[in-house]
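Working through the structure, step by step
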Amino acid sequence: MSAIRVTVWNEGRHEKKNKAVQSVYPNGIHEVIAEGLRAEGFAVRMATLDEPEHGLTDAVLAETDVLTWWGHMAHGDVDDAIVEKVHQRVLEGMGLIVLHSGHFSKIFKRLMGTSGNLMWREHGTAGEKERLWVTNPAHPIAAGLETYFELPNEEMYGEPFGIPEPDSLVFVSWFAGGEVFRSGACWYRDQGKVFYFRPGHETFPTYYDANVRRVIANAVRWAAPTNGPRVIVANRPVPLENI
Ligand code: ZN
């Protein structure tokens, strides 16, 4: 079987403007996410906002089995025409993994049909502890994990989260401040699959974490196209032999 083709998309603006982010991700958040996926044997390419067509040309999208999406400060700069193309590819079966502040991206809100709103807290430069509990141990995205894992330094996201009821909820996070959050959630959209995964604030080394890398790799395998029947509109003739 040929390798799953992953495109790691990153806004890439914090890394250009913020020294604290540069010190954690000197070559960009996308490079560290891609590094983790290459180690799993996926065929990985990268694309960023400031490339022509945000690096998501028709050819790139056609050759992408799973797209990962990290954005934060420039959601509004993403061209609606590109969002439309990504949306169509998801409906056709391309997997989409939306990371952290991507909860406010055009593509996520469009696929969900909801606000994506949530409560958040940046608690000083060290953030706070996040404990991610596995709530569906049978789900392929939880493969190889313990009952929970922790990230010592993260930003807090709290409920209520403006998403539709997930088709499967794989993780719920607890934060040292006391909040909980649906931090790993799956949806089906026509032939496509969407996974939202919460951790990944730009000033913390979250994408170097072995458990986070395992989750993203598992999510790529889960979200990859399955070649099910196409969802089309067509006039279906009456099968006369059955009448
Ligand atoms: Zn953040």
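Attention in this report is confined to the structure presented alongside it. Only a predicted model underlies this, so the values are computations on that prediction, with no experimental measurement involved.

Examining the coordination of the zinc ion
- At this site the zinc ion is bound by His-100 (NE2), Glu-155 (OE) and His-201 (ND1), with donor distances of 2.0 to 2.1 Å.
- Read from N- to C-terminus, the donor residues coordinating the zinc ion fall into the pattern H-x54-E-x45-H. Of this pair, His-100 sits in the loop between strand S4 (95–99) and helix H6 (106–112) while Glu-155 sits in the loop between strand S7 (148–154) and strand S8 (156–158), and the two are 55 residues apart along the sequence.
- Classification of Glu-155 as buried rests on a relative accessible area of 7%.

Points about the pattern of salt bridges
- The final tally for this structure, using the stated rule, is 20 salt bridges.
- Between Asp-58 and Lys-85 there is a salt bridge whose closest N-O contact spans 2.9 Å. In this pair, Asp-58 is assigned in helix H4 (residues 58–62) and Lys-85 in helix H5 (residues 80–92), connecting sequence segments 27 residues apart.
- Looking at Asp-58, the relative accessible area reads 49%, which means it is partly exposed.
- Relative accessible area serves as the criterion here: at 29%, Lys-85 is assigned to the partly exposed category.
- The salt bridge involving Asp-80 is made with Lys-106; its shortest N-O contact spans 2.7 Å.

Comments concerning the packing of helix H3 (residues 29–38) against helix H7 (residues 210–223)
- H7 packs onto H3 with a crossing angle of 70° between their chain directions and a minimal axis gap of 9 Å. With respect to their mutual orientation, H3 and H7 come out roughly perpendicular. When you trace H3 past H7, the crossing you get is right-handed. Contacts between H3 and H7 pair Val-32, Glu-35, Gly-36 and Leu-37 from the former with Arg-213, Ile-216, Ala-217 and Val-220 from the latter.
- For the contact of H3 with H7, a count of residues per class yields five nonpolar, one polar and two charged.

Criteria and cut-off values
- Residues numbered from 1 in each chain as written.
- Predicted model: local features only at pLDDT ≥ 70, side-chain atom pairs only at ≥ 80, totals over all residues.
- Heavy atoms only, no water.
- Donors = N, O, S within 2.8 Å, 3.2 Å for Na, K, Ca; no water.
- Helix = DSSP H or I, 4+ residues; strand = E, 2+ residues; numbered from the N terminus.
- Buried < 20%, exposed > 50% of the residue type's maximum accessible area, 1.4 Å probe, protein only.
- Salt bridge = Lys/Arg side-chain N within 4 Å of Asp/Glu carboxyl O.
- Axes fitted to C-alpha atoms, helices over the stretch in contact; angles between N-to-C directions.
- Parallel < 35°, antiparallel > 145°, perpendicular 65-115°, else oblique.
- Left-handed = near helix turned anticlockwise from the far one by under 90°.
- Contact = heavy atoms within 4.5 Å.
- Nonpolar A, V, L, I, M, F, W, Y, C, P; charged D, E, K, R; others polar.

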